[in-house]
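Here is what each chain is made of, one letter per residue.
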Amino acid sequence: MRFCLSYQGTKAVVPSLSHQSSIFHQSLYDSSFAVMGPKLWNCVPNHLNGCTQFESFKEALTAFLLSVPDTPPVRGYSPQNSNSILAWRMYTSASALWGGQAC
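Colleague: Before we move on, can you summarise the overall build of the chain with the specific residues and values?
Modeller: For the chain, the helix and strand inventory stands at five helices and two strands. Evaluated residue by residue, the chain yields a buried proportion of 21% over its 103 residues. A separation threshold of at least 6 residues defines the contact pool for the chain, and within that pool the share at least 24 residues apart is 42%. Counting only carbon and sulfur atoms, one obtains 62% of the accessible surface of the chain, whose full area is about 7,400 Å².

Laid out in structure tokens, this is it:
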């Protein structure tokens, strides 16, 4: 995984895929760890990116993840979203957890 420094903190670089790829290969690519890992890292709030000590990072990450709403799908009800970190990042009411910033 490659990283770049920006005014928003340390961001992971999502690897690119040829636009001529088939839909099947695009789907495999989009759900691969090589793509989802950087996308999830980039959705972590900026104050977590700057942690230099492993223990402090773990504590801050745990506190952040516990603050994200957990609404698993329930049979018979339509879900608010897919309940992933990526989906909550775009949801207006939860955006305060990230300082009001979008991915």
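Colleague: Run through the nonpolar core, naming residues and quoting values.
Modeller: In this structure, Val44, Leu48, Phe57, Phe64, Val68 and Trp88 together form the largest nonpolar core, which totals six residues. Residues contacting Leu48, with those up to four places away along its chain left out, are Phe57, Ala60, Leu61 and Phe64.

Colleague: A description of the environment of Ser67 should follow, citing residues and the corresponding values.
Modeller: Relative to the assigned elements, Ser67 resides in helix 4 (residues 54-67). Assessed through its relative accessible area of 35%, Ser67 is described here as partly exposed. Polar side-chain contacts of Ser67 include one of 2.6 Å to the backbone oxygen of Phe64.

Colleague: Mind laying out the side chain of Asn42, listing which residues take part and the relevant values?
Modeller: Note that Asn42 resides in helix 2 (residues 33-42). Residue Asn42 is classed as buried on the basis of its relative accessible area of 18%. The contact partners of Asn42, leaving out residues within four places of it in the chain, are Lys11, Ala12, Val14 and Arg89.

The rules behind each value
Residues numbered from 1 in each chain as written. Predicted model: local features only at pLDDT ≥ 70, side-chain atom pairs only at ≥ 80, totals over all residues. Heavy atoms only, no water. Helix = DSSP H or I, 4+ residues; strand = E, 2+ residues; numbered from the N terminus. Buried < 20%, exposed > 50% of the residue type's maximum accessible area, 1.4 Å probe, protein only. Contact = heavy atoms within 4.5 Å. Areas by Shrake-Rupley, 256 points an atom, 1.4 Å probe, with all protein chains shown as cover. Core = buried A, V, L, I, M, F, W, Y, C linked by side-chain atoms within 4.5 Å. Polar contact = N/O pair within 3.5 Å; in protein donor to acceptor, adjacent residues only side chain to side chain.

Without other data, these values stay purely geometric and don't point to any function.
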